[in-house]
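# Residue-level structural notes
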Amino acid sequence: MPFISKIQRQTDYNRFPPSTPIVIDNGASYFRIGWAGETEPRVIFRNIVQRPRHKSTGETVTIVGDHDPALLKYFDCTRSGPRSAFDSNVVFQFEIMEYVLDFAFDRLGANGSRIDHPILITECVCNPVHSRSKMAELLFETYGVRSVAFGVDAVFSYKYNQLHGICEKDGLAICPGFTTTHVIPFVDGEPVYKGCCRTNIGGYHITDYLKQLLSLKYPHHMARFTWEKVEDLKMEHCYIAPDYALEAQLFQKGGKEAEYKTRCWQLPWVPLPTDEPPSEAEIARKAAIRERQGQRLREMAEAKRSSRINELENQLQGLEFLLQQLGQVQEEDIQSFLSETAKGEPKPEQAENEEKADSCTSDKYPLINVPDNMLTPEQLKEKKRQIFLKITTEGRQRAKQKRVEEELERERKTQQDEERRLENPQLYLEQMHTKYKELYEKVEQRKRLKTNGGHTNGSSSGGVGRGERLNAAQRERMRLLTTAAFDRGKGEDTFGAKDEDWQLYKLMGKDNDDDDDGADEDEAELARVSSRLQEIDPTFVPKPEPTASQPATTEVPHVRPLTKEDFQIVLGVERFRCPEILFHPNLVGIDQVGLDEMTGVSIRRLPSKDKALANRLTSSVFMTGGCSLFPGINERLEAGIRMLQPCGSPIKVVRALDPVLDAWRGASLYAANSRFHQQTFSRSDYYEKGEDWLRQYQVRYTL
């Protein structure tokens, strides 16, 4: 509806005199309010209330009707479910009803604390007196209404369409509403409430059923199936099948007709970027980078080669000098001369480094070399601390030296690999692929043996015990552990009585798994080869590493990229299966009759058993309410009634001019009548006559 400012609403409200009634169509789905005599309601909104919290402050607000999309920026509307004042078709939550009425009167333009206008409000058929009494009390006490009148919405719609010649004075009004469906017989233009019947099925159940079917069919898109969207899909695509069984067989067989009746809802989808092959410029750039890296490696190799040659030349000069000295020594003294030469003084640089290390040690840890008998108890504690610090420092230095050596070794291997690659790139690539395959199979086999305990032929899943999953060394340690207390065969717990018993701890704690070290080395080498192949071969894709939950013997399932078809919601059988519950409520677990059987029940409940009256009623079957908008419902209902009525009975099913708004229009036309004020009751009448009077209260629908 178009936006109207608050000042304009108040101006329009003040234009109507206090004698002009306000007409309210209080439906379980939508709330409609307007002025008597007009053809359209002023305000229409969903009859629900939500109380979301502010995302940052936690403040709670009350939202009536459909929430404004702009509020989603500030309020979390997803965690507060919509609440309705209705139970089936009866108002029972009057706290929520008060929020709805406040919102409705405010949008109508009321600016005072009192509503100084008569009110005509609709209700369901045979509304409980308690609900009618509470509604009257709410209008009188909270809003100060002058007078109130209650009327049945389906009756107003029937009378409105009767004026336009759609239906006759004698007929059946069928109103499939939001949560219930009513059938009201009319005789001489007046409703006969003793012949009414009701089933607890309506548009809410159809929407909920469609939402469940789509959620089961497309579980990955459940977030898309909001209530509002499913409601739109229902009203846009669902229809009533002329014959449910034949229609189901049609979709089961498939074919052009079933394909023609299938509808598709395309969800937002963005295609994945395609992997284009590298351009010539990119290939040339990568080749230039590899060439520069190779040139740098060759320069490093040349520098190391030169230093090695210099080192070997120095050693050669030393050996030549030693040969010259040996020429001057007699033969029997050569052995002693060589021994003295080997025990000679260290090189100057080495001696200097050792002296520096000794001096640093003596400065940092002065108590280490002092005997314990020359130290006090405090100095002994300090000596232990210095020994611990020295050992820790030396360990760190050794670890650092080991890391440096490992780094140098990796550089050496990398240099050798690069040299081999530059000599013959194709052969090098084949060798690397072969090596990767061998290492992967080796690691895979070892993990499989470790998981299955050597049973490679059987299935890796199932009842494999822990003992079968252990290797030989681990099983031996477990055997020692379980038999330690009874190893002497006497059944007595004498473990630990002898010193040799404690040797079992060493056997159980000793890591005899020689394969574990090999496994670590193989895995590290496999990672290095995989990284190297990724550098030199753009087409290389490393294989996934097998885990315990996914054994190496099973192949990893291929995950295909999502396509446009994966984001399509196809509506086929659901189009007619969901509205079918109007005629077969047992599809959703409701053990009640359908629309066609309700007409027969209503006719049998009439006091008069005149066959002519039954023919007049079936010749004017009037459909109103939101669910009567489904295509094919008139034909299906007519066929169903024909199956229940005697052969040759006149049957005619008609639909309201506007099944949604005709109830409000009929009430507006009724409230504009000059005799409407005689049908209302005031606050004093309500308190004087009490609830028992409301039990028999009915308005006369003479327009």
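Residues numbered from 1 in each chain as written. Predicted model: local features only at pLDDT ≥ 70, side-chain atom pairs only at ≥ 80, totals over all residues. Heavy atoms only, no water.

Turning our eyes to something else, we now look at the overall build of the protein chain. Along the backbone of the protein chain there are 23 helices and 20 strands. For the protein chain, the residues scored as buried account for 37% of the 703 residues in total. Considering only contacts within the protein chain whose residues lie at least 6 apart along the sequence, 67% involve residues at least 24 apart. A total accessible area of about 42,800 Å² is found for the protein chain, and carbon and sulfur atoms account for 52% of it. (Helix = DSSP H or I, 4+ residues; strand = E, 2+ residues; numbered from the N terminus. Buried < 20%, exposed > 50% of the residue type's maximum accessible area, 1.4 Å probe, protein only. Contact = heavy atoms within 4.5 Å. Areas by Shrake-Rupley, 256 points an atom, 1.4 Å probe, with all protein chains shown as cover.)

Counting buried residues in helix H22 (residues 662-671) gives nine out of ten residues, a clear majority hidden from the surface. Looking only at H22, the buried set comprises Asp662, Ala663, Trp664, Arg665, Gly666, Ala667, Ser668, Tyr670 and Ala671. Packed against the buried residues of H22 are strand S1 (22-26), strand S2 (30-35), strand S10 (119-123) and helix H4 (153-163).

Turning our attention to the sheet that holds strand S20 (residues 681-682). Reading across the sheet, the six strands line up as S3-S2-S1-S10-S11-S20 and stay open at both edges, with mixed pairing between neighbours. The strands lining the two open edges of the sheet, one partner per strand, are strand S3 (43-46) and S20. Sheet topology places S1 next to S10; three bridges connect them, and they run parallel. In the strand pairing of S10, Ile22 is matched with Ile119. Relative to strand S11 (residues 147-152), H4 is tilted by about 75°, and along the sheet it contacts S1, S10 and S11. (Pairing = 2+ DSSP bridges. Axes fitted to C-alpha atoms, helices over the stretch in contact; angles between N-to-C directions.)

A residue-level look at the protein chain finds 83% of positions with pLDDT of 70 or above and a mean pLDDT of 83. Within the model, pLDDT remains below 50 along residues 454-468, and this stretch shows 13 contacts once partners closer than five positions in the same chain are excluded. Segment residues 548-556 is flagged for pLDDT under 50; beyond a separation of four residues in sequence, or across chains, it makes nine contacts in the model. (pLDDT = per-residue confidence, 0-100.)

The side chains of a regular strand alternate between the sheet's two faces. In terms of burial, strand S12 (residues 171-176) is a largely internal element, six of the six residues being buried. Residues of S12 alternate between two faces, with Gly171, Ala173 and Cys175 on one and Leu172, Ile174 and Pro176 on the opposite face, all of them buried. Where S12 lies against strand S13 (residues 181-187), six bridges are found, and the strand directions are antiparallel. From the neighbouring strand, Gly171 faces S13, where its bridge partner is Phe186. Linkage of S12 to S13, two consecutive antiparallel strands, is achieved through a turn of four residues. Bridge count for S12 against strand S18 (residues 621-623) is three bridges, and the pairing is parallel. In the sheet register, Ala173 faces S18, and the bridge partner there is Phe622.

One pass over the full model with this rule turns up one cavity of 30 Å³ or more. A volume near 30 Å³ is recorded for the largest cavity. What lines the largest cavity is simply Leu210, Leu233, Lys234, His237, Cys238, Leu571, Glu574 and Arg575. For the lining of the largest cavity, the elements supplying multiple residues, two or more each, are helix H6 (227-237) and helix H18 (574-577). Ranked by residues supplied to the lining of the largest cavity, first place goes to H6 with three residues. Broken down by class, the residue content of the lining of the largest cavity amounts to four nonpolar, one polar and three charged. (1 Å grid on protein atoms, 1.4 Å probe; cavity = no way out; pocket = protein on both sides within 12 Å on 5 of 7 lines; lining within 4 Å. Points joined across faces, edges and corners; volume = space filled by probe spheres on them. Nonpolar A, V, L, I, M, F, W, Y, C, P; charged D, E, K, R; others polar.)

Counted under the stated rule, the structure contains 23 aromatic pairs. Between the aromatic rings of Tyr158 and Phe622, the centroid separation amounts to 5.4 Å while the plane-to-plane angle is 90°, which identifies the pairing as edge-to-face. Here Tyr158 is found in helix H4, whereas its partner Phe622 is found in strand S18, with 464 residues between them in sequence. For Tyr158, a relative accessible area of 0% corresponds to the buried category. Between Trp693 and Tyr697, the aromatic rings sit 5.4 Å apart at their centres with planes inclined by 45°, giving tilted as the arrangement. A residue is classified by how much of its surface remains accessible, and Trp693, at 26% relative accessible area, is partly exposed. (Phe/Tyr/Trp six-rings, centres within 6.5 Å; stacked < 30°, edge-to-face > 60°.)

This paragraph deals with the packing of helix H2 (residues 94-108) against helix H3 (residues 129-143). Here H2 crosses H3 at 50°, and the two axes come no closer than 11 Å. One finds that H2 runs oblique with respect to H3. Relative to H3, the crossing made by H2 is right-handed. In this structure, H2 contributes Phe94, Met97, Glu98, Leu101, Asp102 and Phe105 to the contact, and H3 contributes Ser131, Lys134, Met135, Leu138, Leu139, Thr142 and Tyr143. When grouped by side-chain class, the residues that make up the contact of H2 with H3 number eight nonpolar, two polar and three charged. (Parallel < 35°, antiparallel > 145°, perpendicular 65-115°, else oblique. Left-handed = near helix turned anticlockwise from the far one by under 90°.)

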